[in-house]
Amino acid sequence: DGGITQSPKYLFRKEGQNVTLSCEQNLNHDAMYWYRQDPGQGLRLIYYSQIVNDFQKGDIAEGYSVSREKKESFPLTVTSAQKNPTAFYLCASSRGGGERNEKLFFGSGTQLSVL
Amino acid sequence: GNSVTQMEGPVTLSEEAFLTINCTYTATGYPSLFWYVQYPGEGLQLLLKATKADDKGSNKGFEATYRKETTSFHLEKGSVQVSDSAVYFCARSQGGSEKLVFGKGTKLTVNP
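How each quantity is defined
- Residues numbered from 1 in each chain as written.
- Chains lettered and ligands numbered in written order.
- Predicted model: local features only at pLDDT ≥ 70, side-chain atom pairs only at ≥ 80, totals over all residues.
- Heavy atoms only, no water.
- Phe/Tyr/Trp six-rings, centres within 6.5 Å; stacked < 30°, edge-to-face > 60°.
- Helix = DSSP H or I, 4+ residues; strand = E, 2+ residues; numbered from the N terminus.
- Buried < 20%, exposed > 50% of the residue type's maximum accessible area, 1.4 Å probe, protein only.
- Contact = heavy atoms within 4.5 Å.
- Polar contact = N/O pair within 3.5 Å; in protein donor to acceptor, adjacent residues only side chain to side chain.
- Nonpolar A, V, L, I, M, F, W, Y, C, P; charged D, E, K, R; others polar.
- Pairing = 2+ DSSP bridges.
- Axes fitted to C-alpha atoms, helices over the stretch in contact; angles between N-to-C directions.
- Disulfide = S-S within 2.5 Å.

**Student:** How should the packing of aromatic side chains be read in this particular structure?
**Tutor:** Geometry of an aromatic ring pair is reported as the spacing of the ring centres plus the angle between the planes. Taken as a whole and assessed by the stated rule, the structure comprises 12 aromatic pairs over all chains. On the basis of an interplanar angle of 75 degrees and a centroid distance of 6.2 Å, the ring pair of F106(A) and F102(B) is categorised as edge-to-face. With F106(A) in strand 10 (residues 105-106) and F102(B) in strand 11 (residues 100-102), this pair bridges two chains. There is no split in this pair, since F106(A) and F102(B) are both buried. Look at F62(B) and Y88(B): their rings are 5.6 Å apart centre to centre, the planes differ by 40 degrees, and that puts the pair in the tilted class. Remark: Y88(B) occurs in strand 10 (residues 86-93) and F62(B) occurs in strand 8 (residues 62-65); sequence separation between them is 26 residues.

So this is what it looks like as structure tokens:
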């Protein structure tokens, strides 16, 4: 079955620690995205990538980093510079090509909490 | 600011009640409009979409019509079920890309 897989489902971060959230897709999609979801605030875009080896900052990129070395993988690192990392993180993908009516496919999310 | 504004929740209805969740947007040009649904503990799934003015998106008994004159895309369902309990997000496309701008979400609870 094609889909988008996020791991782990739950993650705990200690003070000053970097943690990496995994996102893998086997849909052969060019574009991938990371969103952060906070209660009452909806989804906010952290980073996105339209093609391998290229990515752009979204609206709230500070304290986060990404890489896109392979088409199917788009890991997100939450660095110690992110002072309020507790949130639900959603990865998504789409076919790419810049079509404004393309739908996004979402993973099932990772809940990150601070110890 | 957020260019997609949704009705504040939570919304609680009895089974078979009529549902409306309001959504308005601000945009230059003509974005595509979407409704996504998120069931507890899961990611979002596309519920329906509309790509131009007067288009009606529909799926699973839900409908929404792209109203350019009122910049709205209200979600409706004639008779809700307990299984419709979820968080509903309105979204619009951003620029000439596949990036989306989301509303804050509206939590719906349907009681038997």
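So, next bit.
**Student:** Looking at this structure, I do not really get the interface of chain A and chain B. What am I missing?
**Tutor:** You'll often see interface size given as the accessible area lost when the parts meet. Contacts between the two partners involve 27 residues from chain A and, on the opposite side, 24 residues from chain B. Counting across the interface, chain A meets chain B through five residue pairs in polar contact (both at pLDDT 80 or more). Contributing elements (two or more residues each) for the side of chain A that touches chain B: strand 4 (31-38), strand 5 (42-51) and strand 9 (87-94) of chain A. Tallying contributions element by element places strand 5 of chain A first for the side of chain A that touches chain B, with five residues. A class-by-class count of the residues in the side of chain A that touches chain B yields nine nonpolar, 12 polar and six charged.

**Student:** What should I look at first to understand the sheet that holds strand 8 of chain B in this one?
**Tutor:** Hydrogen bonds between backbone groups are what pair the strands of a sheet, and the pairing can be parallel or antiparallel. Residues and elements named next belong to chain B. Pairing is antiparallel in the open sheet, where four strands are placed in the order 3-9-8-7. The open sheet is flanked by strand 3 (19-21) and strand 7 (56-59), the only strands paired with a single partner. Strand-to-strand twist of the sheet, defined as the mean angle between neighbouring strand axes without regard to direction, takes the value 15 degrees. Where strand 8 lies against strand 9 (residues 75-77), three bridges are found, and the strand directions are antiparallel. Along strand 9, the bridge assignment pairs E63 with E76.

**Student:** Before we go on, may I ask you to explain the state of the cysteines in this structure?
**Tutor:** Disulfides are covalent bonds that connect the sulfur atoms of two cysteines. All names here are of chain B. Per the stated rule, a full pass over the model turns up two disulfides over all chains. Each sulfur in the disulfide pair C23 and C90 lies 1.9 Å from the other. Taking the torsion about the S-S bond as the criterion, the C23 to C90 disulfide, at about -70 degrees, is left-handed. Here C23 is found in strand 4 (residues 23-25), whereas its partner C90 is found in strand 10, with 67 residues between them in sequence. With a relative accessible area of 1%, C23 lands in the buried category.

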